[in-house]
Structures are given as C-alpha cells and as structure tokens.
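Breakdown of the fold
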Amino acid sequence: MHCPNCRGKNLGKIGVQLYYCWTCYIELSIEKGKLNMNQIEPDGSLSPLNDLFSEEERTILEDRLLS
C-alpha cells in the first residue's frame, strides 16, 4: 500500500486498520473500504485531510492492500 499523500511506501501499522506514514507524518485508517487521513497536530489532536483527496484516491481495493 502506498501513502496517497506522498506516494511513499514507508507505512507502519499502529493498530487495527490504522497506519502511519513515516515520510509525511499522517495517520491513515480504513473504514468501509475508504481511507480516512488525518494530520497529527503538535498537541496530539487530529485534523482531517479527507477533503484534499478524491473518493477514488481514498478507495482501498484488496489488491492495493497487498502491494
């Protein structure tokens, strides 16, 4: 799976259906086949980034999870 923001493959799994991109420092979660992306703020709160990406970019296909 590639990060939709930076296109990097430097993703780490930090929970069930929860990933972190170590290149651009965003949190990605998967719900109902869609990626939810959040920027982690200095105070630990999350700012949603979903509106920056199209539905197609956020859709997860099974074969994308395995690559």
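Preceding this section is the structure that the text describes.
Residues numbered from 1 in each chain as written. Predicted model: local features only at pLDDT ≥ 70, side-chain atom pairs only at ≥ 80, totals over all residues. Heavy atoms only, no water.

**As for the pairing of strand S4 (residues 34-40)**
Bridge count between strand S3 (residues 26-31) and S4: 6 bridges; the pairing is antiparallel. Bridge pairing links Ile26 to Gln39 in S4. Here S3 folds back onto S4, and the loop between the two strands holds 2 residues, one of which, Lys32, carries a positive phi near 50 degrees. Counting the residues between successive antiparallel strands, the hairpin from S4 to strand S5 (residues 46-48) contains 5 residues, one of them, Gly44, with a positive phi of roughly 95 degrees. (Pairing = 2+ DSSP bridges. Helix = DSSP H or I, 4+ residues; strand = E, 2+ residues; numbered from the N terminus.)

**Side note on the pattern of salt bridges**
By the definition in use, this model includes 3 salt bridges. Between Arg7 and Glu57 there is a salt bridge, and its shortest N-O distance comes to 3.6 Å. Of the two residues, Arg7 sits in the segment before strand S1 (11-15) while Glu57 sits in helix H1 (residues 55-58), which places them 50 residues apart along the sequence. (Salt bridge = Lys/Arg side-chain N within 4 Å of Asp/Glu carboxyl O.)

**Side note on the environment of Asn38**
Note on placement: Asn38 falls in strand S4. Sequence spacing of Asn38 and Leu49 is 11 residues, and the spatial spacing of their C-alpha atoms is 5.3 Å.

**Structural notes on the environment of Leu35**
Along the chain, the position of Leu35 falls in strand S4. Given a relative accessible area of 0%, Leu35 falls into the buried group. Placed 24 residues apart in sequence, Leu35 and Thr59 show a C-alpha to C-alpha distance of 6.4 Å. Ignoring anything within four residues of it in the chain, the contact list for Leu35 reads Pro4, Leu28, Ser29, Ile30, Asn50, Arg58 and Ile60. (Buried < 20%, exposed > 50% of the residue type's maximum accessible area, 1.4 Å probe, protein only. Contact = heavy atoms within 4.5 Å.)

**Focus: the pairing of S1**
Direction of pairing for S1 relative to strand S2 (residues 18-21): antiparallel, over a ladder of 4 bridges. What sits directly across from Gly15, in S2, is Leu18. Count of turn residues in the S1/S2 antiparallel hairpin: 2 residues, of which Gln17 carries a positive phi of about 55 degrees.

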